[in-house]
Amino acid sequence: AALETEIAATRGLLNDLLADRVLWSGVLRDISLVIPGEAWLNGLTGTAGVPTSGETATEVTAPTTPGTTGGLVGQITFNGFAFEHRDVALWLARLEDVRGFVNPWLSSSTKSLIGLEEVVQFTSSVDLSEQALARRAGGPS
């Protein structure tokens, strides 16, 4: 009985420590599942929290109270390549289907050459909603 009480207390502490944090390993997994086969990323930048005036993205931490930023808790910016503009459009559509990803946006999409191959170079971003935060045990899934 004492061991079970200690395990429950440890789980509660762990849940409190992980609550309201973006679990980047899960975010990366979700990205890997939705990227089209004819597209690839050469970089991404993720930030947790919403910068206020004077802060840079690297100085921002996740909000301590969900809802304090209007539901947005971060952003990811992607740089990548695809074989056609249609593949970039599919990328944006799939980003919209990921739980916790909102407002997919395409900043640029231009044709360029890699060696002799014509490709589309793109920059896009997505906001992270509160659904991207870690869940507490026993809470809604």
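Structure: above.
Read on for a plain summary of the structure. Each residue is numbered by its place in its chain's sequence as written, counting from 1. In keeping with the model being predicted, local features are shown solely for residues with a pLDDT of at least 70 and side-chain atom pairs are shown and tallied solely at 80 or more, while totals for entire chains, interfaces and linings include all residues. Water and hydrogen atoms were dropped before computing side-chain values, which therefore reflect all heavy atoms in the structure.

1. Overview of unusual backbone geometry
And step 1. The backbone of asparagine 103 sits at a positive phi, close to 55°, despite the residue not being glycine.
And step 2. Only DSSP runs of H or I reaching four residues or more are called helices, and only runs of E reaching two or more are called strands; each is numbered from the N terminus. Summarising the element assignment, asparagine 103 is placed in strand β3 (residues 101–114).

2. What about the nonpolar core?
And step 1. If you look at the biggest cluster of nonpolar residues, it comprises 22 residues, and the most contacted ones within it are Ile76, Trp91 and Phe101.
And step 2. Elements with a contribution of two residues or more to this core: α2 (24–34), β1 (39–48), β2 (72–82), α3 (85–96) and β4 (117–129).
And step 3. Sequence-distant contacts of phenylalanine 101, defined by excluding residues within four places in its chain, comprise Val27, Ile31, Ile76, Leu95, Glu96, Val126, Asp127 and Leu128. Residues grouped as a nonpolar core are buried Ala, Val, Leu, Ile, Met, Phe, Trp, Tyr and Cys residues, joined through side-chain atoms within 4.5 Å. For the exposure calls, accessible area comes from a 1.4 Å probe over protein chains only, and a residue counts as buried if that area is under 20% of its type's maximum, exposed if over 50%, partly exposed in between. Residues count as neighbours in contact if any of their non-hydrogen atoms are within 4.5 Å of one another.

3. Some details on the pattern of salt bridges
And step 1. By convention in these notes, a salt bridge is any Lys or Arg side-chain nitrogen within 4 Å of a carboxyl oxygen on Asp or Glu. Evaluated as defined, the whole model comprises 3 salt bridges.
And step 2. Among the salt bridges present, the one from arginine 29 reaches aspartate 30, with a minimum N-O distance of 3.0 Å.
And step 3. On the basis of relative accessibility, which here comes to 18%, the residue aspartate 30 falls in the buried class.
And step 4. A salt bridge links glutamate 118 to lysine 111; its shortest N-O distance comes to 3.5 Å.
And step 5. Looking at lysine 111, the relative accessible area reads 47%, which means it is partly exposed.

4. Focus on a nonpolar patch on the surface
And step 1. A cluster of nonpolar residues, Trp40, Phe83 and Ile114, forms a patch on the protein surface that exposes about 250 Å² of accessible area.
And step 2. With respect to the helices, strands and loops of the structure, tryptophan 40 is situated in strand β1. A patch is a set of surface residues, each over 30% in relative accessible area and not in a salt bridge, joined within 9 Å for like charges and within 5 Å for the nonpolar side chains Val, Leu, Ile, Met, Phe, Trp and Tyr. To measure how exposed things are, a 1.4 Å probe is used in the Shrake-Rupley method; for residues, cover is taken only from the protein chains shown.

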